[in-house]
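Understanding the architecture of this molecule
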Amino acid sequence: MTDPSRVLVVGSGIAGLTFALKVARHLPVLVITKKRRADSNTNFARGGIAAAGLGPDDDPELHLRDTLDAGAGLTDQEVAEVVVREGVERVRELVDWGVRFRREGARFSLGMEGGHSRRRILHAGDRTGKEIERALLEAVARDENIQVLEHFLAVDLLVTRVGGQDVCRGVLALDHRKGELRSLTASTTFLATGGSGQLFLHTTNPRIATGDGVAMAYRAGAPVANMEFIQFHPTALYPTENPAFLLSEALRGEGAVLRRRDGTPFMEEYDPRGSLAPRDVVARAIHAEMKDRGESHVVLDVSALPPEDFEARFPGAAEGCRSRDIDPHADGIPVVPAAHYICGGVRTDLWGRTELAGLFAAGEVAHTGIHGANRLASNSLLEAVVFSHRAAEFLTGASGPEPIHTHTEAPRNPERDPEATGPAGISWPEEPNGGVAADEPPLEHLEALRIRLQRLMWEKVGIVRSDRELKEATEGVAALRQEVEELWKGSPRSVEGVELENLLTTAELVVRSARSRKESRGLHYNRDHPQADDHRFSRDTVLRRSTTI
Ligand code: SIN
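As a starting point, this report considers the structure included with it. Source: prediction; values computed, not measured.

The rules behind these values
- Residues numbered from 1 in each chain as written.
- Predicted model: local features only at pLDDT ≥ 70, side-chain atom pairs only at ≥ 80, totals over all residues.
- Heavy atoms only, no water.
- Pairing = 2+ DSSP bridges.
- Helix = DSSP H or I, 4+ residues; strand = E, 2+ residues; numbered from the N terminus.
- Contact = heavy atoms within 4.5 Å.
- Axes fitted to C-alpha atoms, helices over the stretch in contact; angles between N-to-C directions.
- Near = heavy atom within 4 Å.
- Polar contact = N/O pair within 3.5 Å; in protein donor to acceptor, adjacent residues only side chain to side chain.
- Areas by Shrake-Rupley, 256 points an atom, 1.4 Å probe, with all protein chains shown as cover.
- Phe/Tyr/Trp six-rings, centres within 6.5 Å; stacked < 30°, edge-to-face > 60°.
- Buried < 20%, exposed > 50% of the residue type's maximum accessible area, 1.4 Å probe, protein only.
- Lys NZ or Arg CZ within 6 Å of the ring centre and 35° of its normal.
- Right-handed = clockwise from strand over helix to strand, strands pointing away.
- Expected span 1.5 Å × (residues − 1).
- Core = buried A, V, L, I, M, F, W, Y, C linked by side-chain atoms within 4.5 Å.
- Salt bridge = Lys/Arg side-chain N within 4 Å of Asp/Glu carboxyl O.

1. Things to note about the sheet that holds strand β20 (residues 366-367)
Spatial strand order, β20-β18-β13-β22: four strands in an open sheet with mixed pairing. Of all the strands in the sheet, just β20 and β22 (542-543) have a single pairing partner and so form its edges. Bridge count between strand β18 (residues 345-347) and β20: two bridges; the pairing is parallel. Paired with Arg347 across the two strands is His367, which belongs to β20. Across the face of the sheet, helix α5 (residues 212-219) comes into contact with β13 (224-225), β18 and β22 while running at roughly 40 degrees to β18.

Below, the structure is given as structure tokens:
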């Protein structure tokens, strides 16, 4: 299992698979994924991938402007420029790998979503993520230089000291079918573990989205940034399931309207852009409507789309409604906001490098700087492919930078690493046979703790926050942490245990970041500080293991 000349990818969504496909032209790649290979957040992406320059009236400058507007002053302009300029080429590569974006004749069908000034969203109906994942997995299956191991959970990064600096040399992984721990060493480790929506009681993210990458990188000493900026999607199906069924924003792009349960449209009372205002505005408006009126949900009226168009353009939504006995054209679709995306993550540079040498990251786990304080819809799949490509270019020496920012160089050439490596964070109770100690707490107990954390985060760190609630969140997370540590005597022993540990770490990072930002900006709204404070907070919130805020 140990091969230091290998490149290791953790995660099998769009970021991990595109990176693997590119690097495998030069080096052997091992992809590990904690469940089955298709169990990624990518599969759940509905709307699509934004790409400027395909529509007759669009260009990257307009896409850049929309991205900067959404980012509320925190978007890194250089990063955003790279993404909007290089994005179209990356999207063409997806097509070359077999992704079938919807077309109208010879041209791509371009969708519209909130915050975009032009139609520029490539899509596959409202099953875009599924289609991308299908095509990429098929391409990976054809590639002999890529090996995929399912049911391997990365529990910690292996870090070693080389020439006075910490270097990541792979991961400690749990082969949870066999209950065995493995050291998977590699010259380069690429984190593509996705997001952390499972921090919240209501989320559109699958159960695997437990902040694993952020928690591991943080434990290993890599800085994380902007964890307070959680995007709540306005339209998840009510009542919510886990994961909540997502009604794509593209529905509103095609004319669907948000209404109160009595049929009155309300979004114009909050924003002149109405139902297509940016997501943070719409989510807060729905939150206010529900709170002020004591309603459990609002209604998405899709009558602007004739039933046959609804069925053809949004087959996922149509099927989701049908299977739940909802007649969208008779009754509208009951919706509520749900946690959807985290703009923060492991801080990376223009080449996907983290500040821990040997460790790259891309996709939702990373903080590149493009999203700033609020992600523009359908920019995340684009960001993932652009930075997976750039990381692959850097690694294989195809192109590369002058030393950038303050980041340490990852070794470019695979080399044998003579030094012993050790996991950076959780200390695992290895048994003499390499297995994992068997006395795990019952799964129901872990599930109950997870739900308590999710409820706490939903109630205290949700769409609208306050100083008091954030303080209560700190106390609540600390109490849960203590309970968990007593339960395991310091170390989790199962997938569910590691996930809970990672959720707790991620929750701590989110709450600390949110408490430190005493203003409201983009996705972070604190009613005790309802205005943006450019003087003090026009900057990223960066946390390292040693930071005390
Ligand atoms: C959606 O289809 O509404 C989700 C797209 C995204 O999150 O970018």
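2. Some thoughts on the site of the ligand
Neighbouring the ligand are the residues Arg46, Gly47, His233, Leu246, Ser248, Glu249, Arg279, His340, Arg375, Ala377 and Ser378. Here Gly47 contributes a backbone N or O atom positioned 2.7 Å from an oxygen atom of the ligand. At 2.7 Å from an oxygen atom of the ligand is found a side-chain nitrogen or oxygen belonging to Ser248. When the free accessible area of the ligand is taken as 250 Å², the share hidden by the protein chains comes to 94%.

3. Some words on the packing of aromatic side chains
The tally for this structure, following the rule as stated, stands at seven aromatic pairs. Measuring from centroid to centroid gives 6.4 Å for Phe310 and Phe314, while their planes differ by 40 degrees, and the two rings are tilted. Per residue, the accessibility class of Phe310 equals that of Phe314, and both read buried. Summarising the aromatic geometry, the rings of Phe360 and Phe394 are spaced 5.9 Å apart at their centres and angled 45 degrees between planes, so their arrangement reads as tilted. Taken together, the residues Phe360 in strand β19 (residues 359-361) and Phe394 in helix α11 (residues 380-396) connect sequence positions 34 residues apart. Under the relative-accessibility criterion, Phe360 is labelled buried at 0%. Judged by relative accessible area, Phe394 falls into the buried class, the value being 1%. Within the aromatic cluster, the residues linked to one another by ring pairs are Phe200, Phe232 and Trp458. The ring of Phe108 carries the charged tip of Arg103 above its face, separated from the ring centre by 4.2 Å.

4. Structural notes on the side chain of Ser388
One can find Ser388 in helix α11. The class for Ser388 is buried, based on a relative accessible area of 0%.

5. Focus: the pairing of strand β2 (residues 29-32)
Here β2 shows a buried face lined by Val29 and Val31 and a second buried face lined by Leu30 and Ile32. With helix α1 (residues 14-23) bridging strand β1 (residues 7-10) and the parallel β2, this β-α-β connection has right-handed handedness.

6. Observations concerning helix α7 (residues 279-293)
Over its 15 residues, α7 runs 21 Å from end to end, which matches the ideal 21 Å to within 8%, given 1.5 Å per residue. On its buried side, α7 packs onto β14 (230-237), α6 (250-253), β15 (257-259), β16 (298-301) and β17 (333-342). One or two residues past the end of α7 sits Gly294, with phi positive at roughly 65 degrees.

7. Regarding the nonpolar core
Counting 59 residues, the largest nonpolar core has Ile32, Leu157, Val171, Leu191 and Met457 as the members making the most contacts within it. Tallying contributions element by element places helix α14 (residues 495-516) first for this core, with eight residues. Those residues in contact with Met457 that lie beyond four places of it in its chain are Leu199, Phe200, Gly462, Val477, Ala507, Val510 and Val511. Of all hydrophobic cores here, the second largest spans 57 residues; its members include Ala15, Ala80, Leu136 and Phe190.

8. Some words on unusual backbone geometry
A cis amide bond links Tyr238 to the next residue, Pro239, at an omega of -5 degrees. Structurally, the position occupied by Pro239 is in the loop between β14 and α6. Put simply, Asn242 and Pro243 share a cis peptide bond, and its omega is 0 degrees. Following the sequence through the fold, Pro243 ends up in the loop between β14 and α6. One non-glycine residue with positive phi stands out, namely His151, at about 60 degrees. With respect to the element layout, His151 can be found in the loop between β8 (146-149) and β9 (152-162). Positive phi outside glycine occurs at Ser378, with the angle close to 65 degrees. Note on placement: Ser378 falls in the loop between β20 and α11.

9. A short note on the pattern of salt bridges
Scanning the model with the defined rule gives 47 salt bridges in all. One salt bridge in this structure joins Arg279 and Glu113, with 3.9 Å as the shortest N-O distance. Note that Arg279 is positioned in helix α7 and Glu113 in the loop between β6 (110-111) and β7 (121-122), a separation of 166 residues in sequence. The buried category is assigned to Arg279, whose relative accessible area is 7%. The residue Arg134 makes a salt bridge to Glu138 at a minimum N-O spacing of 3.1 Å. Of this pair, Arg134 and Glu138 both sit in helix α4 (residues 128-142), four residues apart, which is roughly one turn of the helix. Residue Arg134 is classed as partly exposed on the basis of its relative accessible area of 24%. For Glu138, a relative accessible area of 39% gives the class partly exposed. Linked by salt bridges that have partners in common, Glu228, Arg517, Glu519, Arg521 and Asp534 make up one network.

10. Focus: the sheet that holds β16
As summarised here, the arrangement of the four strands in space is β14-β17-β16-β15, forming an open sheet in which the pairing is antiparallel. What marks the edges here is a single partner per strand, and that holds for β14 and β15. Neighbouring strand axes in the sheet, compared pairwise and without regard to direction, differ in orientation by 45 degrees on average. With three bridges joining them, β16 and β17 adopt antiparallel strand pairing. Residue pairing in the sheet places Leu300 in a bridge with Ile333 of β17.

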